[in-house]
Each structure stands twice: as C-alpha cells, then as structure tokens.
Amino acid sequence: MSEAGAGRPLAAFGRRILKVTRNEQLGAYRLLWVDDAAGPVPAPGQFAMIAAAERWGGGCDERPYLARAFSIARRLGNGEAAFMLEDVGPGTKRLCELRRGEGLAVLGPLGRGFSPAAAGQRLAVVGGGVGIAPLAILQDALVAAGAEHVTLLGFRDRVHAEAATLLGDPLVATDDGSVGHQGFVTELLEAELQRDPRLAVRACGPPPMLEAVRAICARAGVPAELALEAPMACGFGSCYGCVVPRRDGSYLRVCVDGPVVDAEQLERVA
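Owing to the predicted nature of the structure, the values given are computational and were not obtained by experimental measurement.

**Some thoughts on the sheet that holds strand β3 (residues 47-52)**
Hydrogen bonding along the main chain pairs the strands of a sheet, whether they run parallel or antiparallel.
Piece 1. With respect to topology, 6 strands assemble into a closed barrel ordered β1-β2-β7-β6-β3-β8, the strand pairing being antiparallel. On average, each strand axis in the sheet is inclined to that of its neighbour by 45°, with strand direction left out of account.
Piece 2. Relative to strand β8 (residues 103-110), strand β1 (residues 16-26) runs antiparallel, the two being bridged by 4 bridges. Bridge pairing links lysine 19 to glycine 103 in β8.
Piece 3. On top of the sheet, helix α2 (residues 133-145) reaches β6 (68-75) and β7 (80-85); it is set at about 30° to β6, its chief contact.

Written out as structure tokens, the structure reads:
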C-alpha cells in the first residue's frame, strides 16, 4: 500500500458549526465556502461529513437526513474552506440553498489523502464531474511544491465543464464535444501516457471512470492513487457501511483506509 494520507491531521471528535461565507454558482455545481480558520488544515483528498445546521430533514415529521460526505475542494490561507456540491436530491438541495451567515455542521477532515509527488515525479491529475473537487486542493499543493503535473478533466457538457475553472490550465474532455476533446477523459490519459510512460496518476471521479483509470494504469504498469466514492453513514469507521473488497480478499473501509487508495489494492472499482 502507498503512503497515501500518512501523518494525516486528526479532526476533533465532534461536529463544528461553521458559518457560510459565500455560495457561488459554478456551472452545474455550487461552491460552498465556510469559515474554518480554527479547524485542522486538511490534506488533499480528505473529506468531511457535512449537514445544514438548521432544517436538515424532510417529510411531514422533518426526519433528519444523514450527513453527507464531501471532499474538501480548497483551503485558503485565511481559513476559508470550500465544498463542491451538485443538487441531485433533497439533502444536496438543502446544502445548495445555504447562504452567507447560515450554519454548516462539519465533522472533519477525515480519511487518508493523496501522497505527495516523489522527487522528480510527474503526475497526471485526472478527474470527472463533481469528482474534480479534491483535485483542486491537490493541485494547489502540487503548485506550492513545484511538482510537475498535467491536469485532465472530463464532463458531460459545456455547463458542467464550467467547473474546470476551479483548476489551473486543465485539458478538458466532454461527452458531447462542446468543450475540448469529444470523448472520455481516460482517452486524454492514454494519450498522455503514450507521451510520457513514467507518469504517476492521481484520480477522482465516478466509479466507471475510476475503473477505466485503474485498468489503463494496470496495463501500463503506472502507479495510481484513486479517491473512491462510497455511501457513508458515520465517516470514521464505525458503521462499516462503506466497505470495499481488496484484491487479497480482505476489505477496506473507504472512510478510514481511504478515500484515497493505491489502485493495486483493487481487483476493480465497483
């Protein structure tokens, strides 16, 4: 297993109520910013369990929703932290509605993040859809360290591809060809590997994309770290709701053994 997330910061065992500082439209997504100046500094690839501090429920009895796991997309020097959201259901809709001054309940940073680039190593940073979120904070760290990298992002269409502005100088693919390359982001990765087979890969996105990345890297003998998605109820390893099988027949808990894992651990991404 790689040293992904080694020495990760430990979050206080309890939720913090943070104030929303801004809620920005980013194409088909929202970028929700909160003031977390007093919180632990996250490592790229870590996540938090978040919930609206008020009106966090639905139905006639306002039954509470479970907190949602979201990657930390950015952390600024002033302590502002960002989460990238997509309105796909009642819980995410409520999060997307939050405005400046409202409260966000946050537990995190949690999990293991991406490994830093080794000396002289060039990275391909590969993302798809809302999965580009942890790649923004990763790219910030790579730029700060002077690490050489190429950023490859894939989206459904032009509206979703507006989120590419969250990262600097990316190559973009869209399913419909409305922005950049028409096709899958994995096609950009294969072309990049033909140019430079010494690349190492850091990726996050929907499971089919991650499985394609895993298979491509396995065939090419290229090391890859994948930020996995899985349903989570707790975020800290208690509920065992996010277990994923390893190649050796054992299981990992995405929330504590990941979300970033060495692709070699996996037979496939489900």
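That covers the picture; the talk isn't over yet.
**Brief notes about the pairing of strand β2 (residues 29-35)**
Piece 1. Most of β2 is tucked away: 6 of the 7 residues are buried.
Piece 2. In this structure, the hairpin formed by β1 and β2 is closed by a connection of 2 residues, where glycine 27 is found at a positive phi of approximately 65°.
Piece 3. Here β2 pairs with β7 via 6 bridges, running antiparallel. Bridge pairing in β7 links arginine 30 to leucine 85.

**Some points on the packing of helix α4 (residues 185-195) against helix α5 (residues 207-220)**
Piece 1. The geometry of α4 relative to α5 is characterised by a closest axis approach of 10 Å and an angle of 15° between their N-to-C directions. As judged from the angle between their axes, α4 and α5 are roughly parallel. In the packing of α4 onto α5, the handedness of the crossing is right-handed. Seen from α4, the contacting residues are Val185, Thr186, Leu189, Glu190 and Leu193; seen from α5, they are Met209, Ala212, Val213, Ile216, Arg219 and Ala220.
Piece 2. Among the residues making up the contact of α4 with α5, the classes are represented as 8 nonpolar, 1 polar and 2 charged.

**What to know about the sheet that holds strand β12 (residues 181-182)**
Piece 1. Taken in spatial order, the 7 strands make up an open sheet running β12-β11-β10-β9-β13-β14-β17, and their pairing is mixed. Both outer strands of the open sheet, β12 and β17 (260-262), are each paired with one neighbouring strand and no more.
Piece 2. When strand β9 (residues 123-128) meets strand β13 (residues 200-204), the two strands line up parallel, connected through 5 bridges. Bridge pairing in β13 places valine 125 opposite arginine 202.
Piece 3. Strands in contact with α5 are β9, β13 and β14 (224-227); relative to β13, the strand with the most contacts, it is inclined by about 170°.

**Some remarks on the environment of valine 185**
Piece 1. Counting through the fold element by element, valine 185 comes out in helix α4.
Piece 2. Note on valine 185: relative accessible area 5%, which makes it buried.
Piece 3. A sequence separation of 39 residues divides valine 185 from glycine 146, and the C-alpha atoms of the two residues are 24 Å apart.
Piece 4. For valine 185, the residues in contact, after removing those within four places along its chain, are Val126, Gly127, Leu152, Leu153, Gly154, Ala173 and Met209.

**Quick look at the environment of arginine 74**
Piece 1. If you trace the backbone, arginine 74 turns up in strand β6.
Piece 2. When its relative accessible area of 14% is taken as the criterion, arginine 74 is described as buried.
Piece 3. Taking the C-alpha atoms as reference, arginine 74 lies 15 Å from alanine 38; in sequence the two are 36 residues apart.
Piece 4. Aside from chain neighbours lying at most four places away, what touches arginine 74 is Trp33, Glu80, Ala81, Ala82, Ala136, Ile137, Asp140 and Leu166.
Piece 5. At a separation of 3.2 Å, a polar atom in the side chain of arginine 74 contacts the main-chain carbonyl oxygen of leucine 166.

**Considerations on a nonpolar patch on the surface**
Piece 1. Together, Tyr240, Val243 and Tyr251 give the surface a local cluster of nonpolar side chains, amounting to about 340 Å² of exposed area.
Piece 2. With respect to the element layout, tyrosine 240 can be found in the loop between β14 and β15 (243-245).
Piece 3. With a relative accessible area of 52%, tyrosine 240 lands in the exposed category.

**What about the pattern of salt bridges?**
Piece 1. Under the criterion given, the structure shown has 17 salt bridges.
Piece 2. Of the charged contacts, one joins arginine 22 and glutamate 24 as a salt bridge, the two residues approaching to 2.8 Å between their closest N and O atoms.
Piece 3. Using a relative accessible area of 29% as the deciding quantity, one classes glutamate 24 as partly exposed.
Piece 4. Across the pair arginine 202 and glutamate 225 runs a salt bridge whose closest N-O atoms are separated by 3.5 Å. Here arginine 202 is found in strand β13, whereas its partner glutamate 225 is found in strand β14, with 23 residues between them in sequence. Judged on exposure class, the residue arginine 202 and its partner glutamate 225 are both buried.

Parameters and conventions
- Residues numbered from 1 in each chain as written.
- Predicted model: local features only at pLDDT ≥ 70, side-chain atom pairs only at ≥ 80, totals over all residues.
- Heavy atoms only, no water.
- Pairing = 2+ DSSP bridges.
- Helix = DSSP H or I, 4+ residues; strand = E, 2+ residues; numbered from the N terminus.
- Axes fitted to C-alpha atoms, helices over the stretch in contact; angles between N-to-C directions.
- Contact = heavy atoms within 4.5 Å.
- Buried < 20%, exposed > 50% of the residue type's maximum accessible area, 1.4 Å probe, protein only.
- Parallel < 35°, antiparallel > 145°, perpendicular 65-115°, else oblique.
- Left-handed = near helix turned anticlockwise from the far one by under 90°.
- Nonpolar A, V, L, I, M, F, W, Y, C, P; charged D, E, K, R; others polar.
- Polar contact = N/O pair within 3.5 Å; in protein donor to acceptor, adjacent residues only side chain to side chain.
- Patch = residues over 30% accessible without salt bridge, like charges linked within 9 Å, V, L, I, M, F, W, Y side chains within 5 Å.
- Areas by Shrake-Rupley, 256 points an atom, 1.4 Å probe, with all protein chains shown as cover.
- Salt bridge = Lys/Arg side-chain N within 4 Å of Asp/Glu carboxyl O.

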